[in-house]
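# Structural overview for review
Letter by letter, the chains look like this.
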Amino acid sequence: MAQEWPLWEVFIRGQHGMSHRHVGSLHAPDADRAIKNARDVYTRRNEGVSIWVVEAAQIAASNPTEKGPMFDPAKDKVYRHPTFYDIPDDAGKM
Amino acid sequence: MYAQMIKSEATQDDPEKLAAFQARIDRGEKIEPKDWMPEGYRKTLIRQIGQHAHSEIVGQLPEGNWITRAPSLERKVNLLAKVQDEAGHGLYLYCAAETLGVSRDALTEMLLDGRMKYSSIFNYPTLTWADMGAVGWLVDGAAIMNQVPLQRTSYGPYARAMVRICKEESFHQRQGYHLLLKMMAGTDDQKRMCQDALNRFWYPALMMFGPSDKDSVHSAQSMAWKIKMNTNDELRQKFVDETVPQAEYLGLTVPDDGLVWNDARGHYDFTQPDWSEFYNVLQGNGPCNAERMAARRKAWDDGAWVRDAMLAHGQKKAARRKAAE
Ligand SMILES: [Fe+2]
Ligand SMILES: [Fe+2]
C-alpha cells in the first residue's frame, strides 16, 4: 500500500470575532494543500474568514484516563463564580 | 439506510468494564476516540461509519451522470453544489471512522475488494432528468430520516459529523422537490417523466431502511450502544407518512395499490418492497453494481500517481524548509 497523505486538524474562525474552533480533519500532502482542501471541505457556506491547519501528529493531548485528577480540582471551587457572592439588590447593578 | 444490515460484532471484554461503558452511554455521555470501548463497539462502528462514507462517495455517481446535461445553468450549479456536498459528507465520515484506528486507504481498499458495502440505492440507474428530482426528494429524504436521530449517537466524532451533514441535507431534498414541482407544471411528457421516476425509485427508497429488524439481536445491541437510534420499520413508516402527502401535492401517484391511510394506527398502510430484489442488489447483482465499482476502481487507480506525486512534492518542500532553518 502506498504511503498515505498525513492527517491535518482544521480550525476555523467564523465571521463574528470568535476564536478559531476545531471543525474536523482531512488528509493533505502539505500545509498549503491542507488549507485549500479545508476551504473546500469546511467553508462551502461562508462558515469562516480564517483557517488554521495543524498536522494531527503534532498535537499533544491530555489523557482521558486522567480526567479525574486533571479536572476534578476545579469542581469544588464555587467561589470562582460570581453567583457565590450575595450582594444586596440595594447596592445597584453589579 | 446508507448503512444497511450492519451486524453488531460480538464483544469479549471484561464484564465490569462493559457495564461501566454501558452506564456511560445510558447517562447520555459521549464516547471519544481515546476512551476505553468494547472491541465490538469499535468494530461495528467502523463497519457502519465506513459503509455510510462509501455510500456518500458512490452516491455521487448517479447524479454526477447528469451534471453536464442539466437543462439550465441554474440547475447545473444546484446539482454541482449538491454533489460536491456529498463528497464532503464522505470526507467527514471517513475522518470519523479513522478516529477508531482504521486508515483511510484501508477503508477504500475494503470497498474496492468487496469486504465493505455501500447503500443498495446507488445501484439503480438515473435514466432521465426527472430522476435528479426523485433522488433529491426520496433518496436524500430517506437519508435525512436516519441521519437526524444519529446526531445524538453515542460516539462523539460520528455525532459531530452527522450535525454537519444534517445542516446541508435539507438543501439536497428541497432542490430535488423544487425540480419536480417545476417539471409537473410543464408539458405532459415532463409529467410522465416525473411519474416514471417515482415509479422506479419508490420501492428502492423504501429498501434503503433495510428489512425489518424488530427481532434482530444485532439491532438490539446497536440500539443499546446508541449507534442505531430507531428500528428500520419505524423509520420507513415515518418516511412513508411524510412522503405520501408530498407526492399528492406534486400530483404524482405512489405506485402502491395497497397504500391507504389507517385511522386507527394514525399511519399509512403500505406494501413492503420485494426483499428478494434487495438481497440480490446487495449481492452485487443490481443494474449498476458493476458500473459503480468499476468507476470507483478507475478513480482510485488513475489517481495513484497524483497522490504519490503530491506527497513527494510536499515532502520535498518540508525538507527544504528544514534545511533553511
Ligand atoms: Fe449526504
Ligand atoms: Fe445529500
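Please read all numbers here as calculations on a predicted model, not as lab measurements.

What counts, and where the lines are drawn
Residues numbered from 1 in each chain as written. Chains lettered and ligands numbered in written order. Predicted model: local features only at pLDDT ≥ 70, side-chain atom pairs only at ≥ 80, totals over all residues. Heavy atoms only, no water. Axes fitted to C-alpha atoms, helices over the stretch in contact; angles between N-to-C directions. Helix = DSSP H or I, 4+ residues; strand = E, 2+ residues; numbered from the N terminus. Left-handed = near helix turned anticlockwise from the far one by under 90°. Contact = heavy atoms within 4.5 Å. Nonpolar A, V, L, I, M, F, W, Y, C, P; charged D, E, K, R; others polar. Donors = N, O, S within 2.8 Å, 3.2 Å for Na, K, Ca; no water. Buried < 20%, exposed > 50% of the residue type's maximum accessible area, 1.4 Å probe, protein only. Polar contact = N/O pair within 3.5 Å; in protein donor to acceptor, adjacent residues only side chain to side chain. pLDDT = per-residue confidence, 0-100. Buried area = accessible area lost by both parts, 1.4 Å probe. Salt bridge = Lys/Arg side-chain N within 4 Å of Asp/Glu carboxyl O. 1 Å grid on protein atoms, 1.4 Å probe; cavity = no way out; pocket = protein on both sides within 12 Å on 5 of 7 lines; lining within 4 Å. Points joined across faces, edges and corners; volume = space filled by probe spheres on them. Pairing = 2+ DSSP bridges.

### Regarding the packing of helix α6 (residues 130-150) of chain B against helix α10 (residues 232-250) of chain B
Residue and element names in this part refer to chain B. Closest axis-to-axis distance for the α6/α10 pair is 10 Å, and the angle between their directions is 145 degrees. The handedness of the crossing between α6 and α10 is right-handed. Seen from α6, the contacting residues are Trp137, Leu138, Gly141, Ala142, Met145 and Asn146; seen from α10, they are Leu235, Lys238, Phe239, Glu242, Thr243, Gln246, Ala247 and Leu250. Residue composition of the contact of α6 with α10, grouped by class: eight nonpolar, four polar and two charged.

### Re the coordination of the iron ion (ligand 2)
All names here are of chain B. At this site the iron ion (ligand 2) is bound by Glu86 (OE), Asp140 (OD), Glu169 (OE) and His172 (ND1), with donor distances of 1.8 to 2.2 Å. Every donor residue of the iron ion (ligand 2) comes from the same chain, spaced as E-x53-D-x28-E-x2-H. A gap of 3.2 Å separates the iron ion (ligand 2) and the iron ion (ligand 1), which Glu86 links by coordinating each metal. With Glu86 in helix α4 (residues 73-98) and Asp140 in helix α6, this residue pair connects regions lying 54 residues apart in the sequence. Like Asp140, Glu86 is buried.

### Notes on helix α9 (residues 217-224) of chain B
The backbone nitrogen of His218 of chain B has a side-chain oxygen 3.2 Å away, supplied by the residue at the start of α9 of chain B, namely Ser216 of chain B. Residue Lys226 of chain B follows α9 of chain B closely and has a positive phi angle near 55 degrees.

### Digging into the confidence of the model for chain B
The share of residues in chain B with pLDDT of 70 or more is 99%, and the mean pLDDT across the chain is 95. Both scores are available for the predicted complex, with the pTM at 0.93 and the ipTM at 0.88.

### Section: the interface of chain B and chain A
Taken together, the 26 residues of chain B in the interface contact 23 residues of chain A. Buried surface at the junction of chain B and chain A, summed over both partners, amounts to about 2000 Å²; 52% is from carbon and sulfur atoms. In this assembly, chain B and chain A are joined by six salt bridges. The shortest N-O distance in the salt bridge between Arg45 of chain A and Glu168 of chain B comes to 3.4 Å.

### As for the layout of surface pockets
Here the largest pocket defines a volume of roughly 1600 Å³. Every residue lining the largest pocket is counted, 45 residues in all, and those nearest its centre are Glu9, His22, Val23 and Gly24 of chain A together with Arg160 of chain B. If you tally residues by element for the lining of the largest pocket, the top one is helix α7 (residues 156-184) of chain B, at seven residues. Looking at the lining of the largest pocket, its residues break down into 19 nonpolar, 12 polar and 14 charged. If you trace the second largest pocket, you find 34 residues lining it, with Trp5 of chain A together with Leu91, Arg104, Trp300 and Arg307 of chain B closest to the centre. Taken together, the elements giving at least two residues each to the lining of the second largest pocket come down to β2 (21-27) and α1 (31-42) of chain A together with α4, α5 (104-112) and α12 (289-324) of chain B.

### So, the environment of Ala295 of chain B
Residues and elements named next belong to chain B. In this structure, Ala295 sits in helix α12. According to the relative accessible area criterion, Ala295 is partly exposed, its value standing at 31%. Expressed as a C-alpha distance, the spacing of Ala295 and Ile144, which sit 151 residues apart in the sequence, is 26 Å.

### Section: the environment of Ala2 of chain A
Relative to the helices and strands, Ala2 of chain A resides in the segment before β1 (7-13). What makes Ala2 of chain A partly exposed here is its relative accessible area of 45%. With residues up to four places along the chain from it excluded, the contact list for Ala2 of chain A reads Asp105 and Asp308 of chain B.

### Remarks on the sheet that holds strand β3 (residues 50-55) of chain A
Whenever strands of a sheet pair, they do so through backbone hydrogen bonds, lying parallel or antiparallel. Residues and elements named next belong to chain A. Strand order in the open sheet made by the three strands is β2-β1-β3, with antiparallel pairing throughout. The sheet is open, and its two borders are formed by β2 and β3, each paired with just one other strand. Within the sheet, the average angular offset between the axes of one strand and its neighbour, ignoring direction, is 30 degrees. With six bridges connecting them, β1 and β2 associate as antiparallel partners.

### Overview of the pattern of salt bridges
Close approach of charged atoms lets side chains of opposite charge pair. Under the criterion given, the structure shown has 28 salt bridges over all chains. With a closest N to O distance of 3.0 Å, Lys82 of chain B and Glu86 of chain B form a salt bridge. Of the two residues, Lys82 of chain B and Glu86 of chain B both sit in helix α4, four residues apart, roughly one turn of that helix. Residue classification places Lys82 of chain B among the buried positions, given a relative accessible area of 1%. Taking relative accessible area as the criterion, Glu86 of chain B reaches 3% and is therefore assigned buried. Each of the salt bridges in this network shares a partner with another, and the network as a whole consists of Arg44 and Arg45 of chain A together with Asp85 and Glu168 of chain B.

### Some details on the coordination of the iron ion (ligand 1)
Around the iron ion (ligand 1), the protein contributes the donor atoms Glu56 of chain B (OE), Glu86 of chain B (OE) and His89 of chain B (ND1), which lie 2.1 to 2.2 Å from the metal centre. Sequence positions of the donors to the iron ion (ligand 1) reduce to the motif E-x29-E-x2-H.

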